[in-house]
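# Fold and geometry: a report
Chain residues, written in single-letter form:
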Amino acid sequence: MSILIYGIVNSLVLALFAVGFTLVYGVSRLPNFAHGALYILTGFVTWSFFNSLGLNYALSIVLSLIITALIGAVIYRLILIRVRGMEASEIIASFAIGLAIMEGLRWSGFAGGFYAVPPFIDRVVHIGDVPIDSQRLIIVGVALVVVALLWVFTHYTKIGLALRAIAQHERAAMMLGIDSDLTAIVSLALGSALAGLAAVAILPLGLINVETGYSVLVYAIAVCIIGGLGSWPGAVMGAFVLGFAQILTVRFIGAQWQMVVIFVAIIVVLLVRPSGLFGKQKELEERV
Amino acid sequence: MQLTTRRKERLDRGIKVRTSGIYAVSSLREIAYLVTPRAILIVGLLILPLVMPNMYWQRVICITGIFALLALVFDFLADYVGIISLGGALYVGVGGYVAGICNSSLGLSPALTIPIATLAGAVICTLLLLPCLPLRGIYFAIITLMYPLVLPRIIEALHIFGGTEGMAALSTFPNIWVSLYLIIVVLLIALFALRRLVNTDMGLVLHGIKDNDQAVRASGMNITWYKARAVFIASAIGCFAGAYLTHLYGWVGLSLFGLDFSILPIAAFVLGGPGTLVGPVIGAFILTPLSEALRAFGPLRIVVYCIILVGFIVFRPEGLMKFLQRKYHQFERWAEV
């Protein structure tokens, strides 16, 4: 029972890490290697608003999400737009931006283990006989709401439809008057805000640590590869596969093997089905 | 107001055209034109240790050589094979650990451990990367980024090879001159060997794989076998760097898998000029001393590389070396359009 509950929570945590990355890659084919850095940046911005400026907690969360979205848009507008289409340069540039953000944070003193934001509601709930703190339930809620809202956004709003159009066939979409750069900016801003949202929902569970940024990036990419890069339902399913694999590893083998299990899973999936478990594109298989 | 536009007109120097064929040997001046840049590099690298003021900067030259080798390997893989490997630390880590184990458990001297580590490490790295070789672009980049993150966890989890503390008190080089000239000679050999390699038939096939691997496959060649050999060569050079580092410090630890070994070579590659092979070496010789000078600032060093990296990749994607080559081979003038 506890494996089931914590497995679901862990899977949704991974899904939250991955939705932003898969959104950006799906729409604009940009591998955003700065994803983990944006995650950790939001955590520290929220902390600064809350503790240094003394703002209201809800207000500081909203402000930091807006700031992260703006940073995402600025990264695209200033840097990534110039290297778009050159795969090596995209990877190197976004990886370098991410490193610069993370190491810059470390340099400006946000290192060490004493930065933490409080949980929204500090209480422990019992489901059956399994104790679970309410922050984990909030994560489940946030993840479900995010997935639902994104589905509504991409199916019923004009800009969401434009994003999907670009993702499906860029040239045809451009002929219909959809601006490819604009949708890329929107997708990057939205992806960054989603990384931020994941951060504010998940970080109250523990301490804010710069190193988390690297593992968030690795987890996000792992989930996307297993589910199929750029595929929506794939990312969620991939998160569930990895989430349960992790929880089972921690329970039966040992916590230090979590990373190794993920790594083995990626290699196996890439060897057997390069387009991911749920990716359908033939095109993608050729690209791998 | 009359609007005049102008553009830069570039013309090859006559001597460049004359020296491109066998007739280059016809006059001393043309031979000198060809030899000078290479001679400056070789002689410059050979006398560099002699002009260093103290022991500390001589050490810096040793470290620079390691980064130069890694940058060279990155350039070879990225521009001539089409593999972006974000994990230079994998080679350093594997090579370093193999050398460390040979030295501490078997008691071999550095003269034996370094060749063993170079070859055995290259075999290990190639076997580790073999399953991922059919992958391209972002997929391969991610896998290579993950290896240096995963291997230390395995070492930690199993408590093998000294666990988190690493292995200390390994043998070091007899004196600083051996270590200096070892790395510089190996660097020069690797540089010129790779320049030859990319112009052989095998280099041509590798370049074909980079441009269109399906076409190479359609010609009946086994692309994985070619890529595996390229990775073997690259990881042999990288593992040498790792084994050398082990004996330079007489110590092996998890920090051999550190991020520095992955990111600084990439920065040197972008700064020096992608696709020139010698460019990344020069880039490493600029960046590493710079990063030593910034050592007092801690993490700010990585921020500085990253800013240089992004600046060059966005605004000067050609890098330093192509700029210098242009100045050497061509004259430029403004022409009215």
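Shown above is the structure to which this text applies.
Below: a short report on this structure. (Residues numbered from 1 in each chain as written. Chains lettered and ligands numbered in written order. Predicted model: local features only at pLDDT ≥ 70, side-chain atom pairs only at ≥ 80, totals over all residues.)

## Some points on the overall build of chain B
- Each helix and strand in chain B was counted, giving 14 helices and two strands.
- By its C-alpha atoms, chain B is 75 × 55 × 50 Å across when sized along the principal axes.
- Residue burial in chain B is summarised as follows: out of 337 residues, 44% are buried.
- The long-range fraction of contacts in chain B, counting pairs at least 24 apart against all pairs at least 6 apart in sequence, stands at 77%. (Helix = DSSP H or I, 4+ residues; strand = E, 2+ residues; numbered from the N terminus. Buried ≥ 20, exposed ≤ 12 C-beta atoms within 10 Å, placed from the backbone. Contact = placed C-beta atoms within 7 Å.)

## Here's the deal with helix H5 (residues 134-156) of chain A
- With 23 residues, H5 of chain A ought to run about 33 Å at 1.5 Å a step, and its terminal C-alpha atoms sit 32 Å apart, in line with that.
- Against helix H1 (2-28), strand S2 (130-133) and helix H8 (180-202) of chain A lie the buried residues of H5 of chain A. (Expected span 1.5 Å × (residues − 1).)

## Let's talk about the interface of chain A and chain B
- At the junction of the two partners, chain A supplies 32 residues and chain B supplies 34 residues.
- At the level of secondary structure, the elements contributing two or more residues to the side of chain A that touches chain B comprise helix H3 (57-83), helix H4 (87-107), helix H9 (212-227) and helix H11 (258-272) of chain A.
- Element by element, the count of residues in the side of chain A that touches chain B is highest for H4 of chain A, at 15 residues.
- Considered class by class, the residues forming the side of chain A that touches chain B number 25 nonpolar, three polar and four charged. (Nonpolar A, V, L, I, M, F, W, Y, C, P; charged D, E, K, R; others polar.)

## A few points about the nonpolar core
- Counting residues in each nonpolar core, the largest one holds 201 residues, and the members touching the most others are Ala18 and Val223 of chain A together with Leu72 and Leu309 of chain B.
- The element best represented in this core is helix H3 (residues 55-81) of chain B, accounting for 17 residues.
- Setting aside chain neighbours within four positions, we find Ala18 of chain A in contact with Ala220, Val223, Cys224, Ala235 and Ala239 of chain A. (Core = buried A, V, L, I, M, F, W, Y, C linked by C-beta atoms within 7 Å.)

## Thoughts on the packing of helix H11 (residues 260-272) of chain B against helix H13 (residues 300-315) of chain B
All names here are of chain B.
- Contact pair H11 / H13: the axes reach a minimum separation of 9 Å and the direction vectors enclose 35 degrees. Every pair of crossing elements has a handedness; the one defined by H11 and H13 is left-handed. Residues Ile263, Leu264, Ile266, Ala267, Val270 and Leu271 of H11 pack against Ile302, Tyr305, Ile308, Leu309, Phe312 and Ile313 of H13.
- Its residues assigned to classes, the contact of H11 with H13 comprises twelve nonpolar, no polar and no charged. (Axes fitted to C-alpha atoms, helices over the stretch in contact; angles between N-to-C directions. Left-handed = near helix turned anticlockwise from the far one by under 90°.)

## Comments concerning the environment of Gly43 of chain A
Residues and elements named next belong to chain A.
- Tracing the sequence through the fold places Gly43 in helix H2 (residues 35-52).
- Here Gly43 falls in the buried class, since 29 other C-beta atoms lie within 10 Å of it.
- Distance in space between the C-alpha atoms of Gly43 and Ala199 is 5.8 Å, their sequence separation being 156 residues.
- In contact with Gly43, not counting residues within four places along its chain, are Ala199, Leu203 and Ile208.

## Description of H2 of chain A
All names here are of chain A.
- End to end, H2 covers 25 Å across 18 residues, agreeing with the expected 26 Å (1.5 Å per residue, within 8%).
- In terms of residue burial, H2 counts as a mostly covered element, since 14 of its 18 residues are buried.
- Just downstream of H2 lies Gly54, where phi reads positive at about 70 degrees.

## A few points about unusual backbone geometry
- With a phi angle near 65 degrees, Leu277 of chain B is a residue other than glycine that sits in the positive phi range.
- Positionally, Leu277 of chain B belongs in the loop between H11 and helix H12 (278-293).

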